[in-house]
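Take a look at the letters that make up each chain.
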Number of protein chains: 2
Amino acid sequence: MSRTPSVSRRERPAKPALSREAVVAAAAGLVRAHGTEKVTMRRLAQELDTGPASLYVYVRDTAELHSAVLDVFLAEVDLTPVTTTGDWRDRVWRVLESYTGLLYERPGLARAALVTHLSGPHYLALVEGLLALLASGGVPADRAAWAVDILLLVATASAAEQSIRDATPSAPAEDDDLVAAVTRADPAVHPHIAALGADLFSGSGPDRGRWFVDVLLAGATVTPRPPKETS
Amino acid sequence: MSRTPSVSRRERPAKPALSREAVVAAAAGLVRAHGTEKVTMRRLAQELDTGPASLYVYVRDTAELHSAVLDVFLAEVDLTPVTTTGDWRDRVWRVLESYTGLLYERPGLARAALVTHLSGPHYLALVEGLLALLASGGVPADRAAWAVDILLLVATASAAEQSIRDATPSAPAEDDDLVAAVTRADPAVHPHIAALGADLFSGSGPDRGRWFVDVLLAGATVTPRPPKETS
DNA sequence: ACCTGAACACCGTTCAAGT
DNA sequence: ACCTGAACACCGTTCAAGT
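Rules behind the numbers
Residues numbered from 1 in each chain as written. Chains lettered and ligands numbered in written order. Predicted model: local features only at pLDDT ≥ 70, side-chain atom pairs only at ≥ 80, totals over all residues. Heavy atoms only, no water. Helix = DSSP H or I, 4+ residues; strand = E, 2+ residues; numbered from the N terminus. Buried < 20%, exposed > 50% of the residue type's maximum accessible area, 1.4 Å probe, protein only. Contact = heavy atoms within 4.5 Å. Areas by Shrake-Rupley, 256 points an atom, 1.4 Å probe, with all protein chains shown as cover. Near = heavy atom within 4 Å. Polar contact = N/O pair within 3.5 Å; in protein donor to acceptor, adjacent residues only side chain to side chain. Nonpolar A, V, L, I, M, F, W, Y, C, P; charged D, E, K, R; others polar. Axes fitted to C-alpha atoms, helices over the stretch in contact; angles between N-to-C directions. Parallel < 35°, antiparallel > 145°, perpendicular 65-115°, else oblique. Left-handed = near helix turned anticlockwise from the far one by under 90°. Arc of directions from axis to C-beta. Least-squares fit on C-alpha atoms with pLDDT ≥ 70 in both. Phe/Tyr/Trp six-rings, centres within 6.5 Å; stacked < 30°, edge-to-face > 60°.

1. Quick word on the overall build of chain A
Right, on to step 1. Across its full length, chain A holds 12 helices and zero strands.
Right, on to step 2. Along chain A, from the amino end to the carboxyl end, the secondary structure elements read α-α-α-α-α-α-α-α-α-α-α-α.
Right, on to step 3. Going through the 231 residues of chain A one by one, you find that 44% of them count as buried.
Right, on to step 4. Of the contacts formed within chain A by residues at least 6 apart in sequence, a portion of 68% connects residues at least 24 apart.
Right, on to step 5. Carbon and sulfur atoms make up 55% of the accessible area of chain A, which totals about 12200 Å².

Have a look at this one:
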C-alpha cells in the first residue's frame, strides 16, 4: 500500500521560487525583523530554505547584497519636496531629513552605505531629486555633483554615528572613549579641546545638519574665485 | 642528572612580554605588512605567540584595536602647518592633505575610522591642531567643533572611497555598478544624471577636497543669520 | 545548464580551569 | 590574581558533483 503521492509531496508551505527580487526582499525582511547584523549569507539561505551557495547566483557578494537591501529601504525616502514650491534650500533639507530618518532606524545599513557604492534605482532617484533641487537653486552642474555627494555622505555618517551612541544607553554616552579623553584633556597640551570640553559634542544632529546644509549650499552657489595672491 | 635549567629554559627568540603597547604595535606591524584586513584577533595572537583570549586583557574588542592601531599611524600626520605662518585656510588644507595621504595607503583603516570613534592621543592632537587653526581664522568655537568634525569625516571618506576604486584596476572603475547605472541612465527619468553623465565623477580627490575645505571654512566664518522670512 | 552539499579557511568572544 | 586552551557559535566563498 503506497502513500498517496499527491498529498505526501510536501508538508511545509511552498518553497518560494528563488530570484534576485525574492532574495533581496527576504534580506530586507531580515533587516526589519532582526537588524542588519543578522543579514548574513548563511542566515538568509536558511530563511529561503536553501544553501548559501545558491545565493551567489543572484548576488555577487555580501557587500552587493547589503547595497541592494539598502536600496529597497530608500524607496521610503520622501521625494515630494523636489516638486514642491518653497525655498529650495528648505526642500533639500527636507529630503535629507527623510533620508537620515530612515537610516537612523537602520544603523547597520547606514554603516554599510558608508563603505559601499550605492547604485540602485531608488538611490539614483534620490540623487536625481537633489540634483534637480540644486539646479533650481542655481548651483552649477559640476558643483552640484560634488555637493550632492557630500550632502549624502554627511547625512549617512550622522546616521551611522548616532547608531554608535545608541548602542549604549546613556544620553551623551558617558562611557564613550572620546568623551572620556576630551574630559581628561590637559588644558596645557590641548587648550582648544579643553576650552570646548563637552561643547565639542554640542548641537543636536538636526542642528548640525541644518547648519551644514546651509553652509554647503551657500558655498555651492558662489562662483569660485581663485584665492587672491599676495597682492 | 637534571638538564641545565638556565640553557633549556627556551630555545626560540624571547617571547616579548605582553602589554597594551606591544599588542597595538604588533597590530600596526601587521597592517604595514599585510593590510588592515589581516589584523584579526587570532592572527595577532599568533604573531604574539599566544592565544586570542589573552588579547582581551589589553583591548576591549576588535573595534577598539583598530582604533588604537589607527592612532599609531596618526602619529605621521604633519602638524607643522599649525604653527607656521601663511593663510590659515591653506594650512588647514595642508594638515588635511597629510591626514588623507596617510589613509590612502591604509584604506582598511580609513574604513575603520568611518565606523568607530577615535579617541587616541594623536587623534586628539590632530583635532587640537585644526581647532587652533580655525580659531586663528576667526571661526567661533562652537562652529569650529562642527567644522572639524565634518572636515575629518569628508577627508576620511574620500580616502575610504578611493580605496574602493583602487581595489579594481581600471582608471574610473569601468565595472563599477554606479558608473554603469549612471551611463545607462534614461534622460527622460533622470535628466540631471544623464546630463552630467561621467561628469558626476569629475574632479580629482584633491580638487574636490580643496573646494570643500574652502566652502566649509568660508561658511564657518560667517555669523549665521536666520533665513529671512517671507518679507 | 543549472543548482547546491559539503568543504575550506577562516572569524570574535567567552569561560572554566589551570598556574 | 592573572592568564589562556579549548570551545562555542558563528562567518564568506568556492567548487566538485549531482540533477
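Structure's up, so let's keep going.
2. Structural notes on the protein's contact with DNA strand C
Right, on to step 1. Not every one of the 15 residues close to DNA strand C is listed here, only the nearest: A:Ala53, A:Ser54, B:Arg42, B:Arg43 and B:Tyr56.
Right, on to step 2. When the atoms of DNA strand C within 4 Å of the protein are sorted by group, sugar and phosphate make up 51%.
Right, on to step 3. A distance of 2.7 Å is found between a phosphate oxygen of DNA strand C and a side-chain nitrogen or oxygen belonging to A:Ser54.
Right, on to step 4. Taking B:Met41, its main chain carries an N or O atom lying 3.1 Å from a phosphate oxygen of DNA strand C.
Right, on to step 5. Elements that contribute at least two residues to the surface near DNA strand C include exactly α4 (52-55) of chain A together with α3 (41-47) and α4 (52-55) of chain B.
Right, on to step 6. With three residues, the top contributor of residues to the surface near DNA strand C is α3(B).
Right, on to step 7. Each residue belonging to the surface near DNA strand C can be placed in one class, and the counts come to six nonpolar, five polar and four charged.

3. Observations regarding the packing of helix α6 (residues 88-104) of chain B against helix α8 (residues 121-136) of chain B
All names here are of chain B.
Right, on to step 1. Relative to each other, α6 and α8 sit at 165 degrees, their axes nearing to 9 Å. If you check the angle between α6 and α8, you find them roughly antiparallel. Judged by the sense of rotation from one axis to the other, the crossing of α6 with α8 is left-handed. Contacts between α6 and α8 pair Trp88, Arg91, Val92, Val95, Leu96 and Tyr99 from the former with Leu126, Leu130, Leu133, Leu134 and Ser136 from the latter.
Right, on to step 2. Considering only residue class, the contact of α6 with α8 consists of nine nonpolar, one polar and one charged.

4. What about helix α10 (residues 177-184) of chain B?
Right, on to step 1. Within α10(B), the full set of buried residues consists of B:Leu178, B:Val179, B:Ala181 and B:Val182. One side of α10(B) holds all its buried residues, which, seen down the axis, span an arc of 165 degrees. Opposite the packed face of α10(B), turned more than 90 degrees from it, sit the exposed residues B:Thr183 and B:Arg184.
Right, on to step 2. The inward-facing, buried residues of α10(B) contact α8 (121-136) of chain A together with α11 (191-196) of chain B.

5. Side note on the relation of the copies chain B and chain A
Right, on to step 1. It takes a turn of 180 degrees to lay chain B on chain A, together with a shift of 0.0 Å along the axis; the resulting RMSD is 0.0 Å. A rotation of that kind, with that shift, is consistent with a two-fold axis.
Right, on to step 2. When the interface residues of chain B are mapped onto chain A, 100% of them again fall at the interface, so both copies present the same face.

6. Quick look at the packing of aromatic side chains
Right, on to step 1. Considering all chains together, one arrives at three aromatic pairs over all chains under this definition.
Right, on to step 2. Seen from their ring centres, A:Phe212 and B:Phe212 are 6.0 Å apart, and the 65 degrees between their planes marks the pair as edge-to-face. Of this pair, A:Phe212 sits in helix α12 (residues 205-221) while B:Phe212 is found in helix α12 (residues 205-221), placing the two residues in two different chains.
Right, on to step 3. On the basis of relative accessibility, which here comes to 2%, the residue B:Phe212 falls in the buried class.

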